[in-house]
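Commentary on secondary and tertiary structure
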Amino acid sequence: MIEDYKVLQITERREIRYQVLNHINDILHSMGHDINEYELIPETIWPSTAAREANEIHFERSIIVSEDDILLHRKLNKNQLIAYNLITKRIFSNKAGSFFIDGPGGTGKTFLYRALLATVRSMGYIALATTTSSVAASIFLGGRTTHSRFKIPIEIDENTSCNISKESSLAGLIRDAKLIVWDEVSMAKRRMLNVFDLLLKDLMNTNALFGGKVIVLGGDFRQTLPVVRYGKKKISLAKVCYILAFGMNLKN
Ligand SMILES: Nc1ncnc2c1ncn2[C@@H]1O[C@H](COP(=O)(O)OP(=O)(O)OP(=O)(O)O)[C@@H](O)[C@H]1O
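Numbers given for residues are sequential positions, taken from 1 along each chain in its written order. Local features in this predicted model are restricted to residues of pLDDT 70 or higher, and side-chain atom pairs are both shown and tallied only at a pLDDT of 80 or more, whereas totals for entire chains, interfaces and linings draw on every residue. Based on all heavy atoms of the structure, the side-chain values leave hydrogens and waters out of the count.

Secondary structure summary: the chain contains 11 helices and eight strands in total. Along the three orthogonal principal directions, the C-alpha set of the chain runs to about 65 × 45 × 30 Å. Think of it in three bands: residues with accessible area under 20% of the maximum for their type are buried, residues over 50% are exposed, and the middle band is partly exposed, with areas taken using a 1.4 Å probe on protein chains only. Counting every position in the chain, which comprises 252 residues, the buried fraction comes to 46%. Here, residues are in contact when the closest pair of their heavy atoms is within 4.5 Å. Sequence-distant contacts, at least 24 apart, represent 66% of the contacts inside the chain between residues at least 6 apart. A run of H or I in DSSP becomes a helix once it reaches four residues, and a run of E becomes a strand once it reaches two; helices and strands are each numbered from the N terminus.

This is the structure:
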């Protein structure tokens, strides 16, 4: 490998060594490892952005669901079970579906998402868990902010699009996802929904809402429901999503 780098006319030995270690680290990252964990070299090698992404994708594709989570669906209450059955039916019949779990904090939304994610993942499929805020993202296994998972810029305007190439492994992961959960959607800018919708349409090569995927949005929209651009019109999510209202507080 060192000889390969010499061809690139890098003359300094230290720089060649550094480039080679970086390259090895990138390969290890694609397999879910990091060169520093082996304690073979004194310096710390930081992974490149591409390697970090490869590592995350490896993680998403190999999530192991705990026994407890696999059994969560058996504990669902009546409202949660109705939602769970409707959503899983769409997922496993390969049909599109947009659902909106509408409920204030403490009404069992997260519990339902965890049951759905566990069911899909335990069958070897990809399910992506995202939330608008980073604090909430940490509740889920593999949880990420929606901005970071779909590379949606923080500052968005009419012309914003996501920074994901169609050929990238991240695009492949999103295309493969049987389920995408986005909690706290009520805290996101409305335009973010449009950008998300356009990304999925583009990746799935279709004009169907959210690329024809099964999408579970959640949040508390007592006063307003967000709008999303559908074709050329802007329409309320209430018109295109199956709304499932959770009302009873389950805390304590
Ligand atoms: N079916 C259930 N069986 C047992 N406990 C449940 C069930 N559903 C929810 N809970 C519990 O009720 C509490 C509130 O549920 P959960 O966190 O899912 O609500 P939430 O709507 O997501 O609220 P928040 O937005 O504040 O997180 C949690 O402690 C959760 O473990």
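After that view of the structure, there is still more to cover.
This brings us to the nonpolar core. Only buried Ala, Val, Leu, Ile, Met, Phe, Trp, Tyr and Cys residues count toward a nonpolar core, and they belong to the same one when joined by side-chain atoms within 4.5 Å. Ile-174, Phe-196, Phe-210 and Leu-217 are the most contacted members of the largest nonpolar core, which has 33 residues in total. Those elements that place two or more of their residues in this core are β2 (126-131), α9 (169-176), β4 (177-183), α10 (190-204) and β5 (214-219). Not counting residues up to four positions away in its chain, the partners in contact with Phe-210 are Ser-98, Leu-193, Phe-196, Asp-197, Leu-200, Ile-215, Leu-217 and Leu-237. Ranked by size, the runner-up nonpolar core spans 23 residues in total, among them Leu-112, Ala-115, Val-120 and Ala-127.

Pairing between strands requires that DSSP locate at least two bridges from one strand to the other. Pairing within the open sheet is parallel, and its six strands lie in the order β3-β2-β4-β5-β1-β8. Across the chains shown, the open sheet's two edge strands, defined by having one partner strand only, are β3 (144-145) and β8 (242-245). The pairing of strand β1 (residues 97-102) with β5 spans six bridges and is classified as parallel. If you follow Gly-97 over to β5, its bridge partner there is Val-214. Helix axes are fitted only over the stretch in contact, all axes being lines through C-alpha atoms; the angle between N-to-C directions runs from 0 to 180 degrees. Across the sheet, helix α6 (residues 109-122) is in contact with β1, β2, β4 and β5; its angle to β4 comes to roughly 165°.

Where α9 meets α10, the closest approach of the two axes is 10 Å, and the angle between their N-to-C directions is 95°. Judged on the interaxial angle alone, α10 and α9 are roughly perpendicular. Residue-level inspection shows Ala-171, Ile-174 and Arg-175 of α9 in contact with α10, the latter providing Leu-199, Leu-200, Leu-203 and Met-204. As a working rule, the residues Ala, Val, Leu, Ile, Met, Phe, Trp, Tyr, Cys and Pro are called nonpolar, Asp, Glu, Lys and Arg charged, and the rest polar, with Gly in that last group. Of the residues contributing to the contact of α9 with α10, the split by class is six nonpolar, no polar and one charged. By definition in this entry, angles of less than 35 degrees are roughly parallel, angles greater than 145 are roughly antiparallel, angles of 65 to 115 are roughly perpendicular, and the rest are oblique.

With that settled, the discussion passes to the side chain of Thr-107. As for its position among the elements, Thr-107 is in the loop between β1 and α6. With a relative accessible area of 3%, Thr-107 lands in the buried category. From its side chain, Thr-107 meets the backbone oxygen of Pro-104 in a polar contact 2.7 Å long. Apart from the residues within four sequence positions on either side, Thr-107 is in contact with Phe-246, Gly-247, Met-248, Asn-249 and Leu-250. In the analysis that follows, any N or O atom pair within 3.5 Å is treated as a polar contact, provided that within protein one partner can donate a hydrogen and the other can accept it, and provided that, for residues neighboring in sequence, both atoms belong to side chains.

Our next topic: the environment of Ile-45. Mapped onto the elements, Ile-45 comes out in the loop between α2 (13-30) and α3 (49-61). With 21 residues separating them along the chain, Ile-45 and Ile-24 place their C-alpha atoms 10.0 Å apart. The contact partners of Ile-45, leaving out residues within four places of it in the chain, are Tyr-18, Leu-21, Asn-22, Asn-25, Asp-34, Ile-35 and Asn-36.

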